[in-house]
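Summary of structural features
The lines below spell out each chain.
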Amino acid sequence: YEHSHHRHAGYCFLMRRSPILELSTVDDMRAAVDERYDLAVDVSLRHSTIDNRSPRFAWASEAKLACGKAIGYFKGREINEEMISKCDCYHGRMLSHMGR
């Protein structure tokens, strides 16, 4: 698991800049990150995710971590572009495995 988990995570290191960073205010950015964090937490706790063989759980865990870090930076009045972009990317990967 550990090996495949890191292989999946590598996908988001090659990512483009998140559209979240184009939002007009920090409050809007924070709201978008909060929304992704909340969904990642929710998805990671679902039995359907935990019992699923798809990479959904790994992506939910990655999203939870990256979004949580981005939120931490927001609390310190900082916009961390890398964490916001990772949050968005992992969230998107998680969503891509939702129907499987």
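Just so it is clear, the model here is predicted, and its values are computed rather than measured.

**Notes on the packing of helix 4 (residues 56-75) against helix 5 (residues 81-96)**
- Following both chains from N to C, one finds helix 4 and helix 5 inclined at 155 degrees, their axes separated by 8 Å at the closest point. Classed by the angle they form, the pair helix 4 and helix 5 counts as roughly antiparallel. Seen from above, helix 4 lies across helix 5 with left-handed handedness. Here Arg 56, Trp 59, Ala 60, Glu 62, Ala 63, Ala 66, Cys 67, Lys 69, Ala 70, Tyr 73 and Phe 74 of helix 4 lie close against helix 5, whose contacting residues are Met 83, Ile 84, Lys 86, Cys 87, Tyr 90, His 91, Arg 93 and Met 94.
- Among the residues forming the contact of helix 4 with helix 5, the class breakdown is 13 nonpolar, 1 polar and 5 charged.

**Quick word on the state of the cysteines**
- In this structure the tally under the stated criterion is 1 disulfide.
- The side chain of Cys 67 participates in a disulfide bridge whose partner is Cys 87; the two sulfur atoms lie 2.0 Å from each other. Torsion about the S-S bond of the Cys 67 and Cys 87 cystine: about 85 degrees, corresponding to right-handed handedness. Taken as a pair, Cys 67 in helix 4 and Cys 87 in helix 5 lie far apart in primary sequence, 20 residues in all. We note that Cys 67, like Cys 87, is buried.

**Some remarks on the packing of aromatic side chains**
- Counted according to the given criterion, the structure contains 1 aromatic pair.
- Summarising the aromatic geometry, the rings of Trp 59 and Tyr 90 are spaced 5.8 Å apart at their centres and angled 35 degrees between planes, so their arrangement reads as tilted. Of this pair, Trp 59 sits in helix 4 while Tyr 90 sits in helix 5; the two residues are 31 residues apart in sequence, bridging distant segments of the chain.
- What makes Tyr 90 buried here is its relative accessible area of 3%.

**Describing the side chain of Thr 49**
- With respect to the helices and strands, Thr 49 occurs in helix 3 (residues 47-50).
- For Thr 49, a relative accessible area of 0% corresponds to the buried category.
- Within the structure, Thr 49 has its side chain in polar contact with the backbone oxygen of Val 43 (distance 2.8 Å).
- A distance of 3.3 Å separates polar atoms of two side chains, one belonging to Thr 49 and the other to Arg 56.
- Setting aside its immediate chain neighbours within four residues, Thr 49 contacts Val 43, Ser 44, Arg 56 and Phe 57.

**A look at the environment of Asp 34**
- Here Asp 34 shows up in helix 2 (residues 26-45).
- Separated by 53 residues in the primary sequence, Asp 34 and Cys 87 place their C-alpha atoms 9.9 Å from one another.

**Things to note about the pattern of salt bridges**
- Across all of its chains, the model carries 6 salt bridges by this definition.
- In this structure, the salt-bridge partner of Arg 17 is Glu 22, at a minimum N-O distance of 2.3 Å.
- Owing to a relative accessible area of 56%, Glu 22 belongs among the exposed residues under this scheme.
- The shortest N-O distance in the salt bridge between Arg 46 and Asp 42 comes to 2.6 Å.
- The class of Asp 42 is partly exposed, set by a relative accessible area of 38%.

Thresholds, definitions, all that
Residues numbered from 1 in each chain as written. Predicted model: local features only at pLDDT ≥ 70, side-chain atom pairs only at ≥ 80, totals over all residues. Heavy atoms only, no water. Axes fitted to C-alpha atoms, helices over the stretch in contact; angles between N-to-C directions. Helix = DSSP H or I, 4+ residues; strand = E, 2+ residues; numbered from the N terminus. Parallel < 35°, antiparallel > 145°, perpendicular 65-115°, else oblique. Left-handed = near helix turned anticlockwise from the far one by under 90°. Contact = heavy atoms within 4.5 Å. Nonpolar A, V, L, I, M, F, W, Y, C, P; charged D, E, K, R; others polar. Disulfide = S-S within 2.5 Å. Buried < 20%, exposed > 50% of the residue type's maximum accessible area, 1.4 Å probe, protein only. Phe/Tyr/Trp six-rings, centres within 6.5 Å; stacked < 30°, edge-to-face > 60°. Polar contact = N/O pair within 3.5 Å; in protein donor to acceptor, adjacent residues only side chain to side chain. Salt bridge = Lys/Arg side-chain N within 4 Å of Asp/Glu carboxyl O.

Everything listed here is a matter of coordinates, which is why it stays silent on function.
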